[in-house]
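# Observations on chain architecture
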Amino acid sequence: MSTILHLSERKVACHVAGRGAPLVLIHGVGLNAAAWAPQVEVLSRTHRVFALDMPGHGGSDPLPRGAELPDFVAWCADAIAALDVGPVSLAGHSMGALIAAGVAVTRPERVARLALLNPVHRRPPAARDAVEARAKRIAAGEVDAQAPLDRWFTEDQATPRAQVAKWLSAVDRDGYATAYAAFARGDATYADDLPDIACPVLVLTGADDPNSTPAMARAMAAAAQDGEAIIIPGHRHMVNLTAPAAVTAHLAHWLSRDPTANPRKREA
């Protein structure tokens, strides 16, 4: 079922499934809520799942040009408030992970659990230069869909690659450019605040993801008060589509964790 949330005259497309405790999902740049389909199919059996289209993606209105990561974070916090379901388990992928982490930092009362899939964290200088250069090319209208696909998938992952290629080709170019620029500049925005996050935190990535690296995932999990890092061998950036059963199982375990338990450090 799809519905529309209205936030200060800006609409947000929200795809709803299942019944139970609320789970909110935020996809990455260039995609849409359908990227969570394998997880929604399973987790909606036990939870009320709300998969949001990010601003300027799918059926959601864009944020103004020049919007930065805190603007996307405020958008997500407002969307959660509009759902009116109380604190939610919040999961984000890639850019969605940056947004989700920002909500947990700035509006902790709205987040019962936090899951960060393929997040970026304090990129090294060369990686930062590369992603900022891509953001400038995208802003200038130069969109190369093949380059991210080559980074995200191995040669034997043709089916999910073809689906993601369709989403990338259909995304609104202005919305994509605005979100990508915020993504490029947002890897350290809330990095110093991760130790303030007290709820259960899952940080998951693919062992072969060259941009959202295992080292980043482990650092983020270690910084949170109750963080757990999971690394999926043999997979890259779109791990929720290329290893859906494993990712969904880890999310199910995360959803079972008691958000009121005393925070504790965990190591993967």
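Heads up: these notes are all about the structure in this document. Starting from 1, residues in each chain are numbered consecutively following that chain's sequence as written. Predicted model: local features are reported for residues with pLDDT of at least 70 only, side-chain atom pairs are reported and counted for 80 or more only, and whole-chain, interface and lining totals are derived from all residues. Processing note: side-chain calculations cover all non-hydrogen atoms of the structure and skip hydrogens and water entirely.

### Topic: the pattern of salt bridges
Two side chains that carry opposite charge are able to pair once their charged atoms sit near each other. Within this document, salt bridges are pairs made up of a side-chain nitrogen of Lys or Arg and a carboxyl oxygen of Asp or Glu, the two lying within 4 Å of each other. Tallying each qualifying case throughout the model produces 10 salt bridges. With a closest N to O distance of 3.2 Å, D187 and R123 form a salt bridge. A residue pair is termed long-range when its members are at least 10 positions apart, and D187 in the loop between α7 (173–185) and β7 (201–206) and R123 in the loop between β6 (111–117) and α4 (125–139) qualify at 64 residues. Type-normalised accessible area, obtained with a 1.4 Å probe on protein chains alone, sets the label of each residue: buried when under 20%, exposed when over 50%, and partly exposed for intermediate values. Looking at D187, the relative accessible area reads 5%, which means it is buried. Helical segments are the DSSP runs of H or I of at least four residues, strand segments are the runs of E of at least two, and each set is numbered from the N terminus.

### Re the pairing of strand β8 (residues 227–232)
Counting buried positions along β8 gives 5 out of 6 residues, so the element sits mostly inside the fold. We treat two strands as partners when DSSP finds at least two bridges between them. In the sheet, β7 pairs with β8 via 6 bridges, with the strands oriented parallel. Note that in β8 the partner of T205 across the bridge is I231. Since β7 and β8 lie parallel, the crossover through helix α8 (residues 214–223) that links them has a hand, and here it is right-handed. A crossover counts as right-handed when, viewed with the strands pointing away from the observer, the path leading from the first strand over the helix to the second turns clockwise.

### A short note on the nonpolar core
For our purposes a nonpolar core is just a set of buried Ala, Val, Leu, Ile, Met, Phe, Trp, Tyr and Cys residues, chained together by side-chain atoms within 4.5 Å. Membership of the largest hydrophobic core comes to 60 residues, with the highest contact counts inside it found for F72, L90, M95 and L114. The contacts of L114, once residues within four sequence positions are left out, are L90, A100, A101, A104, I197, C199, P200, V201, L202 and W254. Every residue pair with non-hydrogen atoms within 4.5 Å of one another is taken to be in contact.

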